Each structure stands twice: as structure tokens, then as C-alpha cells.
Amino acid sequence: MMLSILSCKEKSSMEANNEKELPRIAIAGLAIESSTFSPATTDEEAFHARVNEEVFSFYPFLSQDSINRKRADWVPTLRAHALPGGIVTREAYESLVGKTLKMLEENGPYDGLFFDIHGAMSVEGIEDPEGDFILRIREVIGQEPMISTSMDLHGNVSLRLAEQSDLITCYRMAPHEDALESKKRAVDNLLHRLENGLDKPKYKAWIPVPILLPGEKTSTRIEPGKSLYAMLPSITKKEGIIDAAIWIGYAWADEPRNHAVVMVTGDDKEEVSAAAEELANKFWEVRGSFEFVAPTTTLEESFKMALESEQKPFIISDMGDNPTAGGAGDVSWTLKEILARKEFKSEDGPSIIYASIPGPELIEKAKALKVGDPIKAPVGAIVDDRFAGPVELEGVIMAMEQGDVHAETEIVVRVGSVDVIVTKKRKPYHKEADFTRLGLNPRESDIVVVKIGYLVPELYNMRGGWIMALTPGGVDQDLDRLGYKNIIRPMYPLDKDMKEPDLKTRFVPLSD
């Protein structure tokens, strides 16, 4: 679908006045981290798409009174962000992409485009969705506009995505405390080039690094990730370099593009190449030093540690079904184990919060009940029943809340000394307010079990003790158990004795 319109340069030359025109920049993007090892699928509704002026709400640095808002004629189209989950249905992808392309076609021409994606979206029948998406955008806007791509460091950079992106960057922190800072950097880099009449960067170095590790082993809170990513700011200050980025990649999808990547962009060929090779070789050099960001053990041992600990709250990460990494979020195995333990059978037992488990049948039944009423209904294992079936939850309703953007309805059911958060739809529990709005106080609880991997800042700062439990699910931390068939081999650490890889610079052709 080609757009027959005048280029921005032609349009500018036809202007009667001599005033300097603002660059015209579109905004578009789809973001999700989706596991191909989960039986779940993701539909269009899960993306909560925002269009037109609503898109600005994603970006405080583009608020109405911000400096950057005044530096360009912005054309927001469609930007959507879904919770990590299962593979995206082809119908959902085609619908969201089609709407984006239609809006781009109707509102062109453009000098640039801010392409805001995650980079780990898997779609039914498409091997490289982000690469497919950006190619289809090019078919509409043409090759002349400059595209600046912003990504999560757990995304994947295919050669196609690298070719069609003129500027590209990703987060430098995991957990992603610098997400907005990174997106702003992508916008600032784009504005700088356009405002100063600079062409597309002359050189893009792309080096695939045959390493595939889970985010829980590559946190920038600890070494070697901390020092590896600390190299980036000084590199980007070098003359002739615009940006440098390291992608860990996404471990829970089985596609050829799933691996680590280093990219450096700039106008000085030697500096760009040297920086990329320095980063890639350093990454490879420290590959054996990556360890889990916290101790890991079995769920049984996790509870033994939690019950013996005087540190409250003791947080247990239920890692295998982490919905923020792509798990279905409804694996019932851990909850079943909790409810079977004698320590939690009595109301006087150690207080424990379990967050959370989807149970639409229980939610529906609760409509006719109120807080304080008994309830009994199955929860969990609707999507992923590979490890345990539904749990028959019988207890007392302690709280009922409506209107959460993800969960829709939340109910707290107390069983013995366990407060189980049951949701209509899956939801991750990351913030203290997620608990307190339900009348729960995680700080005063003896144990908090959360479907998560490494703790996000609020939980991390709240923790007394912490252990990561090696539980089953669609984002199993034991990568050897997943059964990859399509990733490029050899790949570390799946192939621990592999030969030294070729980490020389590969210059990516310019998009035009």
C-alpha cells in the first residue's frame, strides 16, 4: 500500500513564506512480550489501544506544555501496550496494524516517525512481527522519513528491524526504571537530526551475540549486567556516535531472532565499529558470570526459609507463571501447594497473601454475595492446566473491588491464614496500592507470594526476605526444559561448549 503524496522536502519548498517549519513526526507502536511456550493467546482487547491525542498520555515528556511538544508538529496515530502474555492472534495483529497504517496514510507526509515497541511480540504465522510492522509502515510513509525506534532491552532486533530503523535505542536498566528516559532519548535523537538538517546516521553496526538468558539472570542491579550497561553512557559521548544499545533478548519465544544483540549508530565508521565490537566482546567475555538476581530454590525450600525467617514480609517469587514475562498467569500449581500445607490451615497460622489467580467462575458467583459471606468455586488452570488442574477454593470473602484496568474484578478470599486474590482476568501485583486497595497490608504479612521474577522497585524496597521459587509455567527459568526448535544454534548457555562466535561488526544498510 504505497502513499502517493509529496515528500516533506517538496512540500516545504512550495511554502510561500520563509518561516522555518517544524518537523512533522508521527508516533506509532505495539508493545507486548509474548511467550510461545505458553498455551495462552492475546487478543486485541488486551492491548488497550490509544489513538490520536490519547497517545500523548504515554509520554510525560510530550505533555501539552513540554518543550519537546513544541519542537515538532506531532501526529500521534495508534499506540498500544498489552500485559506480557501468550502469542498474539493474527486477527488482533492485523487489526491493530491496519488501523495504524490507515491513520498514517490519512495524515502524511512526515519527516520522521517515533516507533515505540517492546520487541518481543510473537504473532501467529509471522516470524518477525516488529520487522513486518516496520516494513509495512515504510510502504505507507516511504523511505525518506527518519524512524527512531525505542525498545525494551528484552526485545529482539532482527536484521530487518535494524535496517528499517534509522535511529534505535533500548532501556539500560532492569528493572526498567529508565523506560521513560529511554523513550525520551529516542525522541531527542530524532529531533536533533531533523532540527539540524542532518541526514540519517551514516553507519549502523549490528552484532548478534549468541547468548539467550532470562531477565532474572541479567538484572542491571548486580554484576556483570551492572558494569556491562554502565559502559554505554561513556560510549555515546564519543564524537561520531549517536547511540549504543545492548539487547538481552527474550528467552521465552522460539524464533530465529531470539538472542542478544549489540547495536551502535553514528556518523564515524571507525568509532561505531570499535564501540560495537567492544560491547559485544565484553558481553561474551562475562557470559558465564550471569546469575539469578536473588537466591533460587524449590517452592518447598522457599516455604521452609520463609517460615523460619524473622524478616517480614518474606516475599516468594512464583517465577514460572510470571505474567509480566509472558506467563498465562493462571497456573494453579503453587496455590494448590500452599493450600495443602498444614501451617496455613488455621486462621491463627502465619499470614500469607497469594497474588493472584484468575477465577471468573468464582467472580460470577460472588455477584450475588457480599463481604463476609462464604464462597466456594474453582479458580485457575483455565488457560494453562499442564501442571495442575483448577483449585476448588472455599473460604470467606474479605474484599470485593471493581474497575481495575487489567483484573476488572478483584476478590480476596480467606482460607485459613491465606488471603487469595482472585481476579476476573489475570493481573500482576507490583505496587503496594494493588494490595492496600483490597484491604491487605503486605508490609505486615508474614509471607507474600507474587507471580513475578525479579522484584520491581516497590516490592524490592518493601521486602524483608526474598527468594525466587523455581516453579513451572510458560516462562520456566530452566531453559533446557522448554524444548527450543527454531532458535539459531549453537546458543549459550544451551550449548555450553560452543566455539567462539564471530563478533565482528556487521554494517546494516541504510533504510533508503
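Conventions used here
- Residues numbered from 1 in each chain as written.
- Predicted model: local features only at pLDDT ≥ 70, side-chain atom pairs only at ≥ 80, totals over all residues.
- Heavy atoms only, no water.
- Helix = DSSP H or I, 4+ residues; strand = E, 2+ residues; numbered from the N terminus.
- Rg over C-alpha atoms; globule rule 2.2 N^0.38 Å.
- Buried < 20%, exposed > 50% of the residue type's maximum accessible area, 1.4 Å probe, protein only.
- Contact = heavy atoms within 4.5 Å.
- Lys, Arg positive; Asp, Glu negative; His and termini not counted.
- Charge placed at Lys NZ, Arg CZ, Asp CG, Glu CD.
- pLDDT = per-residue confidence, 0-100.
- Arc of directions from axis to C-beta.
- Phe/Tyr/Trp six-rings, centres within 6.5 Å; stacked < 30°, edge-to-face > 60°.
- Lys NZ or Arg CZ within 6 Å of the ring centre and 35° of its normal.
- Expected span 1.5 Å × (residues − 1).
- Polar contact = N/O pair within 3.5 Å; in protein donor to acceptor, adjacent residues only side chain to side chain.

Novice: Please explain the overall build of the protein chain as it appears in this structure.
Specialist: Of regular secondary structure, the protein chain possesses 13 helices and 22 strands. On C-alpha atoms alone, the protein chain measures out to a radius of gyration of 24 Å, which is about the 24 Å that the 2.2 N^0.38 rule sets for 512 residues. Overall, the protein chain is about 80 × 55 × 40 Å in size when its C-alpha atoms are taken along their principal axes. Considering the protein chain as a whole, with its 512 residues, one finds that 59% of them fall into the buried category. In the protein chain, of all internal contacts separated by at least 6 residues, the share reaching a separation of at least 24 is 75%. Averaging the locations of the 60 positively and 84 negatively charged side chains of the protein chain gives two centres separated by 1 Å.

Novice: Just to check I follow, could you spell out the confidence of the model for the protein chain for this structure?
Specialist: A low pLDDT score tells you not to read the predicted coordinates there in detail. This prediction gives the protein chain a mean pLDDT of 95; 96% of its residues lie at or above 70. Every residue in residues 9-18 is under pLDDT 50, and counting partners more than four places away or in other chains gives five contacts.

Novice: Mind showing me how you'd approach helix H9 (residues 299-308) here?
Specialist: Side chains of residues three or four places apart in an α-helix project in the same direction, reflecting 3.6 residues per turn. Along H9, the positions that sit buried rather than exposed are Leu299, Ser302, Phe303 and Ala306. Projected down its long axis, H9 carries its buried residues within an arc of 95 degrees, all on one side. Among the exposed residues of H9, those pointing more than 90 degrees away from its buried face are Glu300 and Glu308. Packed against the buried residues of H9 are strand E13 (296-297), strand E14 (314-318), helix H10 (333-340), strand E15 (352-358), strand E20 (447-450) and strand E21 (465-469).

Novice: Help me understand the packing of aromatic side chains, please; the structure alone is not making it clear to me.
Specialist: The geometry of an aromatic ring pair is captured by two quantities: the separation of the ring centres and the angle between the planes. Summed over all chains, the structure comprises 12 aromatic pairs. Aromatic pair Tyr59 and Phe61: ring centres 5.5 Å apart, planes at 45 degrees, arrangement tilted. Neither residue differs from the other here; Tyr59 and Phe61 are each classed as buried. Members of the aromatic cluster, connected to one another through ring pairs, are Phe58, Tyr59, Phe61 and Phe114. Sitting over the ring of Tyr460, Arg221 keeps its end group 3.9 Å from the ring centre.

Novice: I'm lost on helix H8 (residues 269-285) in this one. Help?
Specialist: Taking 1.5 Å as the rise per residue, H8 with 17 residues should run 24 Å; its terminal C-alpha atoms sit 24 Å apart, in good agreement. Looking at the buried residues of H8, the elements they touch are strand E10 (203-209), helix H6 (225-230), helix H7 (232-236), strand E11 (241-247), strand E12 (260-266) and strand E22 (506-507). One side-chain oxygen at the N-terminal end of H8 lies 3.1 Å from the backbone nitrogen of Glu270; it belongs to Asp268.

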